[in-house]
Amino acid sequence: MLNVYIYDGTFEGLLSAVFEAWKDKDFSDIRTESENTDMSLIENMVNVTTDTLKSDRITKWIKSKIGFESLKKIYRVYLTERSDRGRIIFRYLKIASAAGSVIDDLLTHPDIMNINSADRLFSRETMRLHGFLRFEVLANDVLYAEISPEYNQLEIISPFFADRFLGNPWIIHDTKRDIAAIFDGEHFILTEAGNNLPRSETKSERNYKEMWKGYLSALTIKERMNLKLQQQFIPYKIRMNMTEFQN
Amino acid sequence: MITNILQEKLNILSAAAKYDVSCASSGVDRRGSKTPGSIGNSVSCGICHSFTADGRCVSLLKVLQSNDCVFDCKYCISRRSSDTPRASFSPREVAMITYEFYRRNYIEGLFLSSAVYVSPDNTMEMMCETVRLLRQEYNFFGYIHIKAIPGADPVLIERAGRLADRISVNIELPSESSLSALAPQKKKDNILSSMKYITGRIEEDKRGILKLSDNLPDIVNSGMPASYGTSDVRHRHFVPGGQSTQMIIGATPDTDYQIMGLAESLYTKLQLKRVYYSAYIPVVNNPALPSVGSEPPLLREHRLYQADWLLRFYRFKAKELLDEKNPNLSLKYDPKCDWALRNYGIFPIEVNKADYDTLLRIPGIGQKSAARIITTRKYASLGFDDLKKLGVVLKRAQFFITCRGRTMDRVKLEPGFAEANLSLDKRAVPVFANYEQLSLFDMNANLLNTGDF
């Protein structure tokens, strides 16, 4: 029988599962309930209770054994919400315990490659959001944006927009996960979105959207037309929240 | 207040600016300001906010202050003798649009250029006022790139540099003869002296000895946070993002050898951050220029950028790539590949032993792969499978390397072999429509164009 450790979906829960599974010779995987769809007959479910004492120990150990940057990397991979994140992180930490901080130089090791490529995919989306997120100005001068990213980016992009728009309140709404980041001009909080976010488009807002579309069209050099190239940079699936590609 | 007039102006003055490609938003790190009523920060890697249908990145609001020009440069759509609609922005109009686009996260900031409206000084004054309004009234601390009009008073260039993140003077054409033939009102001396002045001030700023003149807007006290150019430790006051320039390629018979030679001296002698190459898009019929409707030299522009990258990041010298006998870059192969085939004697290179600079010379190995090779081989020697995992393009590199003393299967270490196989590789030899650019300086073609015959 192989053991699958089920945790509650939080980062502390994942680390608690790592803690419990550490010495298990029959270890198979670490999953959340929703990731646990293909249960095989030879797998035994172990429910993990989230224990912050355990997760704090692991966090401290990661920081001293591999470094703070690696802890951040692990957290980003956790935020990808991909179904194999538990396993990738566990295996990465196992190697870390054997080899220490050099593991980040072992670029051809499959377990290191897994975590690095997951991180790269996540960070690529973060960079894209910095550029492609679009705000609307609501009637009360609050900035409002909708995003629907593949990975859970809200926590990671909020500090960037908080710094850029210091003093200018905004709301970023992840419509896929129904959560939102709310910034009062100084600090931001993450919360569930609910469905009563104020949205009525002012005339001035419509005008600025049209201006932006007109501007992009005026910039296009027809002799260099290359829609394929444009699509490489902005795949169709990303365009839904971008003003210039709407209507 | 948006009106149709404002929208019209924006369309005219951004369409007129679209051929200026030096519009990156990179080079400056600046955090947000706590001053109430302020907005904006800057990241040194720059951010792409959108892409136009021609595949080019949009990161700034790129506009002309005015397209009502007193000059008559033969290649330009805004030249005095052209009959295009004219418009001018007031400084406040530009500041307002910049601010409104910025807060919607459409842009990183402003790229402000202009036609020569009445005079270079008059134009620069308007542009400086635009930028001053943005910094001091709108408390806008996002990215600003301003063009310096050649021939403008150094006091105005000084003012602009104190307010902007990057400044550029367009060198326009690669040689003095081209410049005097096509843009006689733009004097090479004016261009160069403006560029040298800027270089000097940047140098003083970096060394912390910039003397700040009186009567200039005091940005520091208006709440703008400290700005840093890449790898600056000291807080910068004068264009922290440095100086760049642009030249048009394909409008004149200047060779790549001349172009890259010029670019190299701009980098080494004037410490420019970037040189941009803009493929000439024929917009006007003139016997001295390629005719309207002829293919713009996009592949050549691409090759020039590749050569430019080799100079800046791969430690190549221009004379290694081009000389009087081979004055133009190969269209068939990228410049690095071409150099490798012509210098085959130094290959094969053993990837487990070569230093960073040598690894950089191998086609298919870029800066990132070279760095990864050096990092990873400390712990174990690398085989071809490992190289693939590290991002090396083996399809190209295989003809130039050994791993642990051996070549890849079936690879013969002869230049002819490499060349024959590289020709088959679609990625190595791009398929651009019509890349065999016909010589448009053929005498017969000129005669037909003038309509005299």
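That block above? That's the structure.
Residues numbered from 1 in each chain as written. Chains lettered and ligands numbered in written order. Predicted model: local features only at pLDDT ≥ 70, side-chain atom pairs only at ≥ 80, totals over all residues. Heavy atoms only, no water.

A.B. asks: Which residues make up the overall build of chain A, and what values do they have?
C.D. replies: For chain A, the count of helices and strands is eight helices and eight strands. Overall, the C-alpha framework of chain A stretches about 65 × 45 × 40 Å when taken along its three principal axes. Of all 247 residues assigned to chain A, the portion counted as buried reaches 50%. In chain A, of all internal contacts separated by at least 6 residues, the share reaching a separation of at least 24 is 66%. Entry remark: accessible area of chain A is about 12300 Å², with carbon and sulfur atoms responsible for 51%. Computing the positive centroid from 33 side-chain charges and the negative centroid from 36, chain A places the two 6 Å apart. (Helix = DSSP H or I, 4+ residues; strand = E, 2+ residues; numbered from the N terminus. Buried < 20%, exposed > 50% of the residue type's maximum accessible area, 1.4 Å probe, protein only. Contact = heavy atoms within 4.5 Å. Areas by Shrake-Rupley, 256 points an atom, 1.4 Å probe, with all protein chains shown as cover. Lys, Arg positive; Asp, Glu negative; His and termini not counted. Charge placed at Lys NZ, Arg CZ, Asp CG, Glu CD.)

A.B. asks: Got a sec to walk through a positive patch on the surface? Specific residues and values, please.
C.D. replies: The grouping of A:Arg120, A:Arg124, A:Arg128, A:Lys176, A:Lys237 and B:Lys368 at the surface amounts to a positive patch. Top element by residues in the positive patch is helix H5 (residues 110–132) of chain A. It accounts for three residues. In this structure, A:Arg124 sits in helix H5. (Patch = residues over 30% accessible without salt bridge, like charges linked within 9 Å, V, L, I, M, F, W, Y side chains within 5 Å. Salt bridge = Lys/Arg side-chain N within 4 Å of Asp/Glu carboxyl O.)

A.B. asks: Could you give me a rundown of the packing of aromatic side chains, with the residues and numbers involved?
C.D. replies: Taken as a whole and judged by the stated rule, the model has 32 aromatic pairs over all chains. Their ring planes at 90 degrees and their centres at 5.8 Å tell us that A:Phe135 and A:Phe161 sit as a pair that is edge-to-face. With a gap of 26 residues between them, A:Phe135 in strand S4 (residues 135–137) and A:Phe161 in helix H6 (residues 154–164) connect regions that are remote in the sequence. Each member of the pair, A:Phe135 as well as A:Phe161, is classed as buried. Their ring planes at 45 degrees and their centres at 5.3 Å tell us that B:Tyr99 and B:Tyr138 sit as a pair that is tilted. Here B:Tyr99 is found in helix H2 (residues 91–103), whereas its partner B:Tyr138 is found in the loop between helix H3 (120–137) and strand S6 (143–147), with 39 residues between them in sequence. Three or more aromatic residues link up through ring pairs in this structure, and these residues are A:Phe135, A:Phe160, A:Phe161, A:Phe165, A:Trp170, A:Phe183, B:Tyr102 and B:Phe140. A cation sits over an aromatic face here: A:Lys94 above A:Trp22, 4.4 Å from the ring centre. (Phe/Tyr/Trp six-rings, centres within 6.5 Å; stacked < 30°, edge-to-face > 60°. Lys NZ or Arg CZ within 6 Å of the ring centre and 35° of its normal.)

A.B. asks: Run through the layout of surface pockets, naming residues and quoting values.
C.D. replies: A probe matching the size of a water molecule, rolled over the atoms, marks out where space remains unfilled. All names here are of chain A. Empty space within the second largest pocket amounts to approximately 420 Å³. Lining the second largest pocket are 19 residues, with Glu 125, Ser 148, Pro 149, Glu 150 and Ile 238 sitting closest to its centre. Within the residue set of the lining of the second largest pocket, elements represented by two or more residues are H5 and strand S5 (143–147). Top element by residues in the lining of the second largest pocket is H5. It accounts for six residues. Its residues placed into classes, the lining of the second largest pocket shows 10 nonpolar, two polar and seven charged. (1 Å grid on protein atoms, 1.4 Å probe; cavity = no way out; pocket = protein on both sides within 12 Å on 5 of 7 lines; lining within 4 Å. Points joined across faces, edges and corners; volume = space filled by probe spheres on them. Nonpolar A, V, L, I, M, F, W, Y, C, P; charged D, E, K, R; others polar.)

Shape descriptors only; they carry no functional weight alone.
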